[in-house]
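The chain contents come next:
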Amino acid sequence: AQLVAGIMPPVLALGRRYDAAVQAGDEEVARALVRLFTETGEQCLHLLLTQQPEWLVSLAACLLRGAAHPDADVAEITFNFWYMLAEELNGGGRSLNDAQRVDARGLFADCFRQLLQALRSLVEFPSESDSWPADQADDFRRFRYAVGDVLTDACKVLSSTACIEEVYGALQQRLPAFGADPAGQWRSIEACVFCARQMITSNEPAFFTAPVVHQLLQLLPTLPAAGDLPNTAIRTVGTYANWLSRHAEMLPQMLTYVTSGLQQQRNAAAASQAMKHLCDACAEHLAEEATMAQLIQMYLGTLSFSLEPADRVDLVAALSFVVSQLPLPQVLPAMEAIARPLLQRLQAALEGGGGPGEVSVLLEQLCALLGKVSPGARPTADEVARVPALQDALHPSVHLLQQLWGVLEAIFERHGGDSRVMEKLCRCYKHTSRNTAQGPFRGDFRSLVPRLLPQVTGWFERQPHSCFLYVANVCLRGYHDAPELLPTFRETFARMSAVVFRLLSAAPTAIPDNPDVVDDFFELCSTVLRLHPALLAESELLLSSFQCGCAALRIQHREANRAVVGFFEMLLVLRQAGARGNLSPAALNGITTLLVANGAQLAQELLLAIAGLVPPARVRFLSPVLKGLVLVDYAASRSWLEAAVQALPPGGHMDGATLLQAIYSAEALARDDRGAGDRVFGQAAEAFSNACRRRRLL
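Conventions used here
Residues numbered from 1 in each chain as written. Predicted model: local features only at pLDDT ≥ 70, side-chain atom pairs only at ≥ 80, totals over all residues. Heavy atoms only, no water. Helix = DSSP H or I, 4+ residues; strand = E, 2+ residues; numbered from the N terminus. Buried < 20%, exposed > 50% of the residue type's maximum accessible area, 1.4 Å probe, protein only. Areas by Shrake-Rupley, 256 points an atom, 1.4 Å probe, with all protein chains shown as cover. Lys, Arg positive; Asp, Glu negative; His and termini not counted. Charge placed at Lys NZ, Arg CZ, Asp CG, Glu CD. Expected span 1.5 Å × (residues − 1). Contact = heavy atoms within 4.5 Å. Polar contact = N/O pair within 3.5 Å; in protein donor to acceptor, adjacent residues only side chain to side chain. Arc of directions from axis to C-beta.

Comments concerning the overall build of the protein chain
Within the protein chain, the secondary structure is distributed over 38 helices and zero strands. Here the C-alpha coordinates of the protein chain stretch approximately 85 × 75 × 50 Å along the principal axes. Within the protein chain, buried positions represent 52% of all 698 residues. Taken as a whole, the protein chain presents about 30300 Å² of accessible surface, with 50% of it coming from carbon and sulfur. Within the protein chain, one finds 58 positive and 71 negative side-chain charges whose respective centroids are separated by 5 Å.

A few points about helix α34 (residues 619-632)
With 14 residues, α34 should cover 20 Å at 1.5 Å per step; its first-to-last C-alpha distance of 20 Å lies within 8% of that length. Among the 14 residues in α34, 10 count as buried, and that is most of the element. All buried positions along α34 are accounted for by V619, L622, S623, V625, L626, K627, G628, L629, V630 and V632. Where α34 is buried, its residues contact α32 (558-577), α33 (585-613), α35 (634-646), α36 (653-663), α37 (666-669) and α38 (676-694).

Some words on the side chain of R187
Structurally, R187 can be placed in helix α10 (residues 182-197). Judged by relative accessible area, R187 falls into the buried class, the value being 9%. At 3.3 Å, the side chain of R187 and the backbone oxygen of S127 are in polar contact. Discounting chain neighbours no more than four positions away, the residues touching R187 are E124, F125, P126, S127, S129 and D130.

Considerations on α36
The complete set of buried residues in α36 reads D655, G656, L659, L660 and I663. End-on, the buried residues of α36 take up no more than an arc of 140°, which puts them together on one face. Opposite the buried face of α36, at more than 90 degrees from it, the exposed residues are M654 and Q661. Elements in contact with the buried residues of α36: α33, α34, α35, α37 and α38.

Considerations on the environment of L660
Checked against the element boundaries, L660 lands in helix α36. A relative accessible area of 5% places L660 in the buried class. Separated by 21 residues in the primary sequence, L660 and F681 place their C-alpha atoms 9.8 Å from one another. Here L660 is in contact with R638, L641, E642 and V645, once residues within four sequence places are set aside.

Right under this line is the structure:
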């Protein structure tokens, strides 16, 4: 406290020096002083807030001047201080009790109101912004979102409603000048709207009944279209979607306004995202047959617009949220209406020689439809009475996928060699499966698995894309508990494994050249070991998978390497669990026999990887595999590792001996629940790795 008392008066006196520096245009001095004010405020916040709040108010006044500095880099220095202060005043900190917090908020309220004015000026586009290069415009937009975080901090202190009232008042003051010269005055209006966009809340009841929010949203569609104002206004409507869900009477006007933005390319992304937010938050208000018909007509109208692929996906996702709320008999017809023009375009592309890019874009939109439509309940008795076909109805996405089956097959025949198209095609299956994994239609995708897996396996045999392996993995994870599917899983895994082994042994560089296949294959192997270990442990595939994994342990691709390491870790965990796990005696015997016969190969590859063949950050993932190998058989594993050490260049023999001494110590091999042995293995592997890399052994 005495130190603070000695520091604060001279620091506060520097406020005048800062003002002089700004007036003289000395940016370096101004920057240094703002940094000094900020560091003082952050370091002394607790003491000042609890013992000398008046000094903190004076310091905040200095920081306010810094936040108003015209250089964004200087102003941004203060942002963390405002966050820390807002947290203390809002209850996120521990300096104040509830009563003190109320008093402190009153003390700093005017300070935060002045901060709002400074922040509003900071986010205003400069007059020369129209001529900025793309990178400068992107930097300013990133800065504006940093300002948005500080605006959120101000809302914690003043309340969102109070902040919106401040910004709306400033907007009203600027409207006359804007009306007289929209092209010249739009920037100040846009800055106010941008600030209002950052001030939403879900934790403030008064926000949802505040007249100012209604007034703001009513005003936005009436503002003249100038500069970036329509883009920001449309995004603001989408941001206020939760407020509109409680004021459904405004939805028609807001939807019309947002839809109009789709017709201008510069506003299309904002409009599609706003439509997505509105339909997500307000789906229950829009899920009437007449409204749905209007939305579909709107969607059909956008097909002639020049929209980016991501914007079209957002529109399909938006409609999907509303379709999910329709009565069940109306869901599939609505999905078919949305999918119909996409299918027509797909068929035209396939027949007319359309390129893979066009096909990928259309598949992505279909995927959004299949993955987002999620009815909340199975058909009621009344619905079944009216439409008997609903009695055993599957999830509408499963029905639609069945209708698409022939088109998806045709896409493979035409574009099977294009990995991007195949990835999009597989997402249609993957997202439908995930969509039906939970809820009242749980498991409906299961009926497609006996048809899907043989088809995907045949495709993989012709075009070995990793996405086909992932589809098999999704099906196995989702429906492993269906005994009738076990023969299908067994055949799929065997045929796909054969393709992988041929592919990865075709050339010396085949493994590093196909990292995605390595990744997805060993992820599939781990899934098999976890859920149906007999499929691998009781077959001849086990040895081939093991040898392929040993060869792939040194792959540089991060995800592929993690998948290979995960496979070995799972294999060794199962061996250690033995009969206590879900292994049959035959599977346990298969894994044990494999490890005893081939442990030396794994030991050598592990040691080489740790010594330097993989990046040092991955050594920590290898130490559990090393420990698992040691636990297979202490004596045998020691002989394997000693041989692996001797196979290293001579410079690594001593470090290898140190490693073995550590991992075969009593401390490393002790059984405990606190992970002490694991730490010994990890530290020993790290030390060995560091030593070998310092010597540049490999």
